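# Observations on the model geometry
These are the residues of each chain, in order.
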Amino acid sequence: MTPLGSGALNAARRAADLTALGDGERPDVLVIGGGITGAGIALDAASRGLRVALVEKHDLAFGTSRWSSKLVHGGLRYLASGNVAIARRSAIERGILMSRNAPHLVRAMPQLVPLLPSMSRADRALVRAGFLAGDALRALAGTSPATLPRSRRVAAQRVVQMVPAVRRDGLAGGLLAYDGQLIDDARLVTAVARTAAQHGARILTHVAAAEATGTSARLTDRRTGQSFDVSAAAVINATGVWAAEIDGGLRLRPSRGTHLVFDAGAFGNPTAALTIPIPGELNRFVFAMPEQLGRVYLGLTDEAAPGPIPDVPEPSGEEVTFLLDTVNTALGTALKAADVIGAYAGLRPLIDSGQGRTADVSREHAVVESASGVISVIGGKLTEYRYMAQDVLDRAVALRHLRAGDCRTRNLPLIGAPSNPGPASPVHQGPVAGLPASLVARYGAEAPQVFATATCERPTEPVAEGIDVTRAEFEYAVTHECALDVSDILDRRTRIGLVPRDRERVVAVAAEFMARFGLPG
């Protein structure tokens, strides 16, 4: 087997990869789209021994893949709606991520439903039954209770300890269950893309694809304006809600999911996700989830989003009101719009079934070959990205008669996972003891390399007071994670940009690193 190469992505590697394609190199697989699905396809293909190029017109995780709830769902809501197959598959994929692919990026998140007087006996029984079904799903998927603990009922005192802001009058305890939580969804995409690069894939951000056919596309470097044609044995469209721009025959029905961002202090610095059943809904909840950088994300909505697809969706006023009204039913002191320090919305790439609410539309994915031969993957959900990639690659290999090995991704650790071999470097394999917990949470076993490779002044200092991202992480985003402008650093490699006032405080620091490496701000 060929030794693994470097997983570092930067402007120099991008230039070399662009030159190779421009000079006529013909990949086996050209992937269009740099979200979690496209990155997963690139990794699957490269790890099977195929020559791969991925192009993304913006940045890694620019679209839907950075706007999720940061959850790796076990499929409980799909079980409640009778879709046993997708529920079981989600639980299996969650277990693969937590135990083998990315144990450094996914942890067990406690979900706590407070038992308040407003919650009927029937509703309490329904939630408890659902949590027990979730335990059965976990066991069926082979996930150890050491990785995801069993659900249980807890006393009122424990509820208050875990979520201090909870309403206390009439509190009769709580129901506690566990699911998977990502440190960040955009970090997962970056790790997958870098692992694909480690296996030889060419990862090209800020490169647009047009005029795609089953064996070719016209690529344009959006930083220089230069264009050229590239041919490939298979062209795969993994552009999510924008899939119809590549294949006009596709029909999608996007739905918008909105989250609000709070300072964690507004919830008393919780250690569990406050989980509130939505009245009248069988399998939907609002979650207030403790997150990195001392924040809480409150979500999520499911609203139809017809019309043109924006690059960056915006929450509606109605969604903000709905989320605040719902969470306030479980809080001792009501939150107001003034407490919201940030907000974001993403569009789910649902397959158009032609009827029903978007909340009821299946989260199944589909692999479709267009008349021109482009192979598109549409629908699906973040938790199942690896399974979706395997499905579309299996189809491409069969349709194009590609000589490829078997899928390896079930047991393939991503960069940062303790068992990812990486380059034979003592720096890469160094210990994580003594490093900031926030750094280890974002980089896993690679955390020592972030500091060890830094050449900037004061690498271990935070980029601003009260923000636990170091100057070395800004540099690493440029030298190893293909950040090519300020937005790449602030809005995707780190998530500082989710809070506008924090973004304003560090934008000059990010610009400093751009200038240092000769990149435009």
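Residues numbered from 1 in each chain as written. Predicted model: local features only at pLDDT ≥ 70, side-chain atom pairs only at ≥ 80, totals over all residues. Heavy atoms only, no water.

Per an unreviewed UniProt entry, the chain goes by the name Glycerol-3-phosphate dehydrogenase and belongs to Mycobacterium parmense. The UniProt entry for the chain carries this comment under Catalytic activity (unreviewed entry): "a quinone + sn-glycerol 3-phosphate = dihydroxyacetone phosphate + a quinol". The UniProt entry for the chain carries this comment under Sequence similarities (unreviewed entry): "Belongs to the FAD-dependent glycerol-3-phosphate dehydrogenase family." (UniProt positions renumbered as here; feature names shortened; annotations may be inferred.)

The helix and strand tally for the chain stands at 15 helices and 21 strands. Whereas a compact globule of 521 residues would reach a radius of gyration of roughly 24 Å, the chain reaches 22 Å, a difference of no more than 12%. If you line up the chain on its principal axes, its C-alpha atoms span 70 × 55 × 40 Å. Burial status across the chain gives 58% buried among its 521 residues. Carbon and sulfur atoms make up 53% of the accessible area of the chain, which amounts to about 19,900 Å² in all. The distance from the centre of the 56 positive side-chain charges to the centre of the 52 negative ones in the chain is 6 Å. (Helix = DSSP H or I, 4+ residues; strand = E, 2+ residues; numbered from the N terminus. Rg over C-alpha atoms; globule rule 2.2 N^0.38 Å. Buried < 20%, exposed > 50% of the residue type's maximum accessible area, 1.4 Å probe, protein only. Areas by Shrake-Rupley, 256 points an atom, 1.4 Å probe, with all protein chains shown as cover. Lys, Arg positive; Asp, Glu negative; His and termini not counted. Charge placed at Lys NZ, Arg CZ, Asp CG, Glu CD.)

Right, let's talk about the domain arrangement of the chain for a bit. Looking at the assigned domains, one finds that the chain contains domain 1 (11-65 + 186-250 + 361-411), domain 2 (71-183 + 255-348) and domain 3 (437-517). Averaged C-alpha coordinates put domain 2 and domain 3 at centres separated by 29 Å. Opposite the 12 residues of domain 2 that make contact, domain 3 presents 13 residues. Summed over both sides, the interface between domain 2 and domain 3 buries roughly 1,000 Å², with carbon and sulfur atoms accounting for 58% of that surface. Interface area lost by domain 2 to domain 3 is led by L293, R295 and I341, which between them contribute 48%. Where domain 2 meets domain 3, there are one salt bridge. With its nearest N and O atoms 3.4 Å apart, the salt bridge here joins R295 to D502. Across the domain 2-domain 3 interface, the total number found is four residue pairs in polar contact (both at pLDDT 80 or more). (Domains from an automatic or database assignment. Contact = heavy atoms within 4.5 Å. Buried area = accessible area lost by both parts, 1.4 Å probe. Salt bridge = Lys/Arg side-chain N within 4 Å of Asp/Glu carboxyl O. Polar contact = N/O pair within 3.5 Å; in protein donor to acceptor, adjacent residues only side chain to side chain.)

Time to look at the pairing of strand 8 (residues 207-210). The side chains of a regular strand alternate between the sheet's two faces. As judged from the four bridges shared by strand 8 and strand 9 (residues 216-221), these two strands associate in the antiparallel manner. Residue pairing across strands places A209 opposite L219, the latter belonging to strand 9. Between strand 8 and strand 9, which pair antiparallel one after the other, the connecting turn spans five residues, and E211 there sits at a positive phi close to 50 degrees. (Pairing = 2+ DSSP bridges.)

Let's shift gears to the side chain of T205. Note on placement: T205 falls in strand 7 (residues 202-205). Residue T205 is classed as buried on the basis of its relative accessible area, which comes to 0%. T205 has contacts with R14, E56, H58, D59, L60, C482 and L484, leaving out every residue within four places of it along the chain.

Once that is clear, we can look at unusual backbone geometry. Only a minority of non-glycine residues have a phi that is not negative, and only a minority of peptide bonds are not trans. The omega torsion of the bond from G299 to L300 falls at 15 degrees, within 30 degrees of zero and hence cis. Positionally, L300 belongs in the loop between strand 15 (295-299) and strand 16 (303-304). Not every positive phi belongs to a glycine, and A61 is a case in point at roughly 60 degrees. By relative accessible area, which is 0% here, A61 ends up buried. Backbone geometry places E211, a non-glycine residue, at a positive phi of 50 degrees. With respect to the helices and strands, the residue E211 is situated in the loop between strand 8 and strand 9. By relative accessible area, E211 is classed as exposed at 62%.

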